[in-house]
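Residue strings, one per chain:
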Amino acid sequence: QVQLVESGGGLVQAGGSLRLSCAASGRTFSRYAMGWFRQAPGKEREFVGGIVIWSGGYTAYSDSVKGRFTISRDNAKNTVYLQMNSLKPEDTAVYYCAASGKFPFYTSDVGNSGSYDYWGQGTQVTVSS
């Protein structure tokens, strides 16, 4: 089992920045593909970004956050980060961290929520205009 705990959410003004963290415990973290998803009120959960370490550290982002958000991971700390810059009110949502131990994990899987086995509890991000 893998336990994921997100932190770093909060209230920020438009144009500001936040860094979310996802701390993982349990099995070998470095072998897992990691993803970030978000869900706004009344909307479906959507892909934000993901990282697949055994594909040369392949990263992918949704078009809505590309160029503003960056995913990174620190395997020594069992932590993945989501750096969010130039935040917009439409980024307001609960952000979830997800992990997948599936092997192989294809890069085409990274944006599919069904590809992930473990989920955190979520952290609220609110961007005011």
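Everything below is about the structure printed above this text.
Residues numbered from 1 in each chain as written. Predicted model: local features only at pLDDT ≥ 70, side-chain atom pairs only at ≥ 80, totals over all residues. Heavy atoms only, no water.

## Thoughts on the pairing of strand β11 (residues 123-128)
Side chains of β11 alternate between two faces, with T123, V125 and V127 buried and Q124, T126 and S128 left unburied. Where strand β2 (residues 10-13) meets β11, 4 bridges bridge the pair, whose relative direction is parallel. By the bridge assignment for β11, Q13 is matched with S128. With 3 bridges joining them, strand β9 (residues 93-100) and β11 adopt antiparallel strand pairing. Looking at β11, one finds that V94 is bridged to Q124. (Buried < 20%, exposed > 50% of the residue type's maximum accessible area, 1.4 Å probe, protein only. Helix = DSSP H or I, 4+ residues; strand = E, 2+ residues; numbered from the N terminus. Pairing = 2+ DSSP bridges.)

## Observations concerning the packing of aromatic side chains
Both the distance between ring centres and the angle between the ring planes are used here to describe each pair of aromatic rings. The tally for this structure, following the rule as stated, stands at 6 aromatic pairs. Centre to centre, the rings of Y32 and Y118 are 6.3 Å apart; their planes meet at 50 degrees, and the pair counts as tilted. Taken together, the residues Y32 in the loop between β3 (18-26) and β4 (33-39) and Y118 in strand β10 (residues 118-119) connect sequence positions 86 residues apart. Taking the relative accessible area as the measure of exposure, Y32 reaches 7% and is therefore buried. (Phe/Tyr/Trp six-rings, centres within 6.5 Å; stacked < 30°, edge-to-face > 60°.)

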